[in-house]
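Now for the letters of each chain:
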Amino acid sequence: MTHNDDLSRRNGRIQRLRAIRRGVLGTAVASSLGIATLLLTGTAHATSTPASAGAHHDVTGTTTTRATGRTTGHHTTGHRTARHHKAHRVAKAQAPSTPVQSTSTATHSSSSGS
Amino acid sequence: MSTATEPVACVTAARSWSVWSTTVEVVVTAPETLDAATALVRDHLAEVDLAANRFREDSEIRRLPRNVSALFARHLDAALHAADVTDGLIDPTVGATLRGIGYDQDITLVLAGTNTRALVHPAPGWTRVRLTGNSLEVPAGVELDLGATTKALAADDAAELAASRLPTGVLVNLGGDIATAGPVPDQGWRIRIDADGSAATAICVGAGTGVATSSTRRRRWTNAGVEVHHIIDPRTGSPAAQTWQAVTVAARSCLEANIASTAAIVLGDRAPAWLERQGLPARLVAADGSVRRTTTWPAEDR
């Protein structure tokens, strides 16, 4: 596999994850059940649905979906609910796998800002 | 190929050069691989430049074809991810905004020139950009700038590329955006934090850690008589308030670290609590030079 092949594969996976987060896939499922209208426009607005409202992150950053069958009542037009926003804040970035420690010995590199 | 990340006793070797008006540094744990690692990093950065440099007329970001390369898609995807997880504190649709405040060419040329424009354009909004696979839709009039994420992602990918092809641990530093991959030196990767306006400190990080510093003291210029800097608050279209001179963050990748450090600059007073909630080690240098740290950032020697 070439580096570009690998990039393409990873792109696809990441885009699928974001699509789930945005509720696009969940909205499509809901639409097929006749309970919501799928409206994919250039501004990415889709009617909020029970399924899209169930897309969330867990604390490890893994994206999962839940079709709860419940309406949330948060809103009807934006493509993310207030609940999404709260969930996203949990999954923004992960701390390093090993603690950051101070050192007084010679350094390999420097981070001075950009 | 290096797969293990255990510390290795070694003497590191390093090389640096200039790209994008900043310094690239490559450090390897196996000195005999330095030439090959340097070549891989150079080639990767050249590909990124052709894809994402908005100051090149032949770049994809200037042409915005309907079908973009895998590399451009990866970088745009990272920028959209950054916008998504920060609720728009970072937004790749600030291209026209940056042009409006005079950042319309390489920073060395901006600094040498005299800008007379002072056009404030809030970002049109990242949700207007649609990327599906390699298929791109950008509304007319929307200009992209991936500067908030491209260096960090390029550092991550270049380090990973070199460590996957060569028997060495690799650190790639792109102007303060630092990515590591493969085996670590026996005492970890030791990084000096040299933020403007505060005493320098140094940290030691483990395998695969990314470190990024965002600064309001760098890439500054005068536009229509007003001193401005390059970190834009997309909500207003103006440079972010200078609550912090610099914010340094460590995370599991350079991209994640840089998203957090840049968003922290835009967040201003709310940044320490925001970083703390995410458990991120972070060091913030305030406008008066005082330093704040999150609880996972180590105490500093005095």
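Residues numbered from 1 in each chain as written. Chains lettered and ligands numbered in written order. Predicted model: local features only at pLDDT ≥ 70, side-chain atom pairs only at ≥ 80, totals over all residues. Heavy atoms only, no water.

What follows covers unusual backbone geometry. All names here are of chain B. The phi angle at Trp20 is positive, at roughly 55 degrees, despite the residue not being glycine. Structurally, the position occupied by Trp20 is in the loop between β1 (13-19) and β2 (22-28). Despite not being glycine, Ser21 has its phi angle at roughly 55 degrees, a positive value. Note on placement: Ser21 falls in the loop between β1 and β2. Using a relative accessible area of 33% as the deciding quantity, one classes Ser21 as partly exposed. (Helix = DSSP H or I, 4+ residues; strand = E, 2+ residues; numbered from the N terminus. Buried < 20%, exposed > 50% of the residue type's maximum accessible area, 1.4 Å probe, protein only.)

All names here are of chain B. For the pair helix α3 (residues 70-85) and helix α6 (residues 150-165), interaxial distance at closest approach is 10 Å and the crossing angle is 125 degrees. Judged by the inter-axis angle, α3 sits oblique to α6. Here α3 and α6 pass one another in a crossing that is right-handed. Across the interface between the two elements, Arg74, His75 and Ala78 from α3 touch Thr150, Leu153, Ala154 and Asp157 from α6. Here the contact of α3 with α6 is composed, by residue class, of 3 nonpolar, 2 polar and 2 charged. (Axes fitted to C-alpha atoms, helices over the stretch in contact; angles between N-to-C directions. Parallel < 35°, antiparallel > 145°, perpendicular 65-115°, else oblique. Left-handed = near helix turned anticlockwise from the far one by under 90°. Contact = heavy atoms within 4.5 Å. Nonpolar A, V, L, I, M, F, W, Y, C, P; charged D, E, K, R; others polar.)

Let us look at the packing of aromatic side chains. Scanning the entire structure with this criterion turns up 0 aromatic pairs over all chains. Across from the ring centre of Trp17(B), 4.3 Å away, lies the NZ or CZ of Arg42(B), which sits over that ring. (Phe/Tyr/Trp six-rings, centres within 6.5 Å; stacked < 30°, edge-to-face > 60°. Lys NZ or Arg CZ within 6 Å of the ring centre and 35° of its normal.)

So, on to α3(B). Think of an α-helix as turning once every 3.6 residues; residues three or four places apart then point the same way. All names here are of chain B. An ideal rise of 1.5 Å per residue puts 22 Å on 16 residues; α3 measures up with 22 Å between its terminal C-alpha atoms. A large share of α3 lies buried, amounting to 15 of its 16 residues. Positive backbone phi, at 55 degrees, marks Asp87, one or two positions downstream of α3. (Expected span 1.5 Å × (residues − 1).)

Take the sheet that holds strand β3 (residues 101-102) of chain A next. Spatial strand order, β3(A)-β8(B)-β7(B)-β4(A): 4 strands in an open sheet with mixed pairing. The open sheet terminates on both sides in strands that have one partner only, identified here as β3 and β4 (109-111) of chain A. Both β4(A) and strand β7 (residues 189-193) of chain B contribute to a ladder of 3 bridges, which runs parallel. Within β7(B), the residue paired with Ser109(A) across the bridge is Ile191(B). (Pairing = 2+ DSSP bridges.)

All right, on to the sheet that holds strand β14 (residues 244-251) of chain B then. Residues and elements named next belong to chain B. Here 8 strands make up an open sheet; going across it, the order is β1-β2-β5-β6-β9-β14-β15-β16 and the pairing antiparallel. Taken across any chain shown, the strands that pair with only one partner, and hence form the sheet edges, are β1 and β16 (291-293). If you compare each strand with its neighbour and ignore which way they point, the axes differ by 10 degrees on average. The pairing of β14 with strand β15 (residues 282-286) spans 5 bridges and is antiparallel. Note that in β15 the partner of Val249 across the bridge is Ala282. Against the sheet, α6 makes contact with β2, β5 (170-174) and β6 (177-181), and its axis sits at roughly 25 degrees relative to β6, the strand it touches most.

A few words on the pairing of β15(B). Residues and elements named next belong to chain B. Most of β15 sits out of view: 5 of its 5 residues are buried. By the alternation rule, side chains of β15 split into Ala282, Leu284 and Ala286 and Arg283 and Val285, which are all buried. Judged from the 3 bridges that link them, β15 and β16 form a sheet pairing that is antiparallel. Looking at β16, one finds that Arg283 is bridged to Arg293.

Residue and element names in this part refer to chain B. Core analysis: the largest hydrophobic core is formed by 46 residues, its most contacted members being Phe72 and Leu76. Elements with a minimum of two residues in this core: β1, β2, α1 (34-52), α3, α6, β5 and β6. Non-local contacts of Phe72, meaning those with residues more than four positions away in its chain, are made with Ala51, Glu60, Ile61, Leu64, Leu136, Leu144 and Leu146. One finds Val247, Val249, Val266 and Leu275 within the second-largest nonpolar core, a separate group that totals 30 residues. (Core = buried A, V, L, I, M, F, W, Y, C linked by side-chain atoms within 4.5 Å.)

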